[in-house]
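What follows is the residue order along each chain.
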Amino acid sequence: MIWLLGILGTIGNGLVLAMFLRFRGLITPTSLLLINLAVSDLGLILLGFPFSASSSFAGRWLFGEGGCQWYAFMGFLFGSAHIGTLALLALDRYLIACRISLRGKLTYKRYCQMLSVIWGYAFFWAAMPLLGWGRFGLEPSVTTCTIDWQHNDSNYKSFILVYFVLGFMVPLVIISVCYFAIARRLRRNAKQRGVIHDQWTNERSITLMSLVLIIAFLVAWTPYAVLCLWTIFSHPSTVPPFLTLIPPLFAKASTVFNPFIYFMSNPKLRAGILATLCCCCKDANVESIEMPDSPVPANSDTT
């Protein structure tokens, strides 16, 4: 199962990156966030799956304490970067859909700066257990490593509570507020126009894709949040066995979700992925799949 997830995730995310490399017309400031999601997923796969998959076959962890710390660090690093990028993606959709006057400030340079902050934020949280705040350890399956929730001392509890608030709840609030505002904007514009322009329709599909990405994130990472909170307020021995198995499986499956979400939710990206798969496609087709930045016609209001 783990090998299958690794193979599917590598193919899917690799295909997304190949699409953006081949069709440069698809690269916009917003698409930098999608590229970053693919990079974080590929990083989790290539730097983590070989460890967990081979250990699963052996029925035990094969790489010692150092390998355990490396595996858990990489999982935390790329997982936190994933969460931060999704929050930034929601903010991006909000600014483009609801604050058109700021569009000129959403430059490639600004997005690169924000992504640098996201990776710095992710590195901070991944490094803390190595520096003594919290700790990494083997999961009950003894084939993977993560935050050591089986020893719920005050050090563990303080780390988990702070990370739960700043690393999970704050991004979730940002995401929820942004998409609530976007939904109101979409309904209002649909009523005002009656017939929605193709460009606006495309931005709706991008926003829909972003929302589905968020739902996939919640499905993938909420089990870990529930598990960690459970062990804060109850003894680890009270955790049901199924709750110890679901979180790592769902988290690994998250690396497979995103490419399929791109394909199913956004016609422009679907065309790009299909064109990338088609070796005989010509670069002249780039214009037909170019993804515009502007969500509404220029004469629309900006409130």
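In this report, we go over the structure that sits alongside the text.

The rules behind these values
Residues numbered from 1 in each chain as written. Predicted model: local features only at pLDDT ≥ 70, side-chain atom pairs only at ≥ 80, totals over all residues. Heavy atoms only, no water. Phe/Tyr/Trp six-rings, centres within 6.5 Å; stacked < 30°, edge-to-face > 60°. Helix = DSSP H or I, 4+ residues; strand = E, 2+ residues; numbered from the N terminus. Buried < 20%, exposed > 50% of the residue type's maximum accessible area, 1.4 Å probe, protein only. Patch = residues over 30% accessible without salt bridge, like charges linked within 9 Å, V, L, I, M, F, W, Y side chains within 5 Å. Areas by Shrake-Rupley, 256 points an atom, 1.4 Å probe, with all protein chains shown as cover. Salt bridge = Lys/Arg side-chain N within 4 Å of Asp/Glu carboxyl O. Expected span 1.5 Å × (residues − 1). Disulfide = S-S within 2.5 Å. Contact = heavy atoms within 4.5 Å. Polar contact = N/O pair within 3.5 Å; in protein donor to acceptor, adjacent residues only side chain to side chain.

Focus: the packing of aromatic side chains
Ring pairs (aromatic) are described by centroid distance and by the angle formed between their planes. Under the counting rule described, the total for this entry stands at 18 aromatic pairs. On the numbers, 5.1 Å between centres and 70 degrees between planes, the contact of tryptophan 125 with tyrosine 163 is edge-to-face. A residue pair is termed long-range when its members are at least 10 positions apart, and tryptophan 125 in helix H4 (residues 108–131) and tyrosine 163 in helix H5 (residues 154–193) qualify at 38 residues. Taking the relative accessible area as the measure of exposure, tryptophan 125 reaches 4% and is therefore buried. One aromatic cluster is present, formed by Phe76, Phe124, Trp125, Trp133, Phe136, Phe159 and Tyr163 through successive ring pairs.

A few points about a nonpolar patch on the surface
On the surface, Leu91, Val165, Leu166, Val170 and Ile174 cluster together into a nonpolar patch covering about 360 Å² of accessible area. Among the elements that make up the nonpolar patch, the one with the highest residue count is H5 (4 residues). Locating valine 165 in the fold gives a position in helix H5. A relative accessible area of 42% places valine 165 in the partly exposed class.

Some details on helix H3 (residues 64–98)
Taking 1.5 Å as the rise per residue, H3 with 35 residues should run 51 Å; its terminal C-alpha atoms sit 51 Å apart, in good agreement. The element H3 is largely enclosed, with a buried count of 29 among its 35 residues.

Re the state of the cysteines
Working definition: the covalent bond between the sulfur atoms of two cysteines is a disulfide. Enumeration over the complete set of coordinates arrives at 1 disulfide. In this model cysteine 68 forms its disulfide with cysteine 145; the gap between the sulfur atoms is 2.1 Å. Across the S-S bond linking cysteine 68 and cysteine 145, the dihedral sits near -125 degrees, which makes this disulfide left-handed. Residue cysteine 68 is located in helix H3, and its partner cysteine 145 is located in strand E2 (residues 145–147); the two are separated by 77 residues in the primary sequence. On the basis of relative accessibility, which here comes to 4%, the residue cysteine 145 falls in the buried class. Free of any disulfide, cysteine 98 has its nearest neighbouring cysteine sulfur in cysteine 178, separated by 8.4 Å.

Some remarks on the pattern of salt bridges
Tallying each qualifying case throughout the model produces 2 salt bridges. Ionic pairing is found between arginine 93 and aspartate 92, a salt bridge with its closest N-O pair at 3.0 Å. Both residues of the pair, arginine 93 and aspartate 92, belong to the buried class. When the shortest N-O distance is used, the salt bridge between aspartate 153 and arginine 135 registers 2.8 Å. Linking aspartate 153 in the loop between E2 and H5 with arginine 135 in the loop between H4 and strand E1 (136–138), this pair joins segments that are 18 residues apart in sequence. Owing to a relative accessible area of 30%, aspartate 153 belongs among the partly exposed residues under this scheme. Under the relative-accessibility criterion, arginine 135 is labelled partly exposed at 28%.

Description of the environment of threonine 30
Considering the arrangement of structural elements, one finds threonine 30 in helix H2 (residues 29–58). Sequence-wise, threonine 30 and leucine 88 are 58 residues apart; in three dimensions their C-alpha atoms are separated by 9.6 Å. Discounting residues that sit within four places of it in the chain, threonine 30 has contacts with Leu89, Asp92, Arg93, Ile96 and Tyr111. Only 3.0 Å separates the side chain of threonine 30 from the side chain of aspartate 92, close enough to count as a polar contact.

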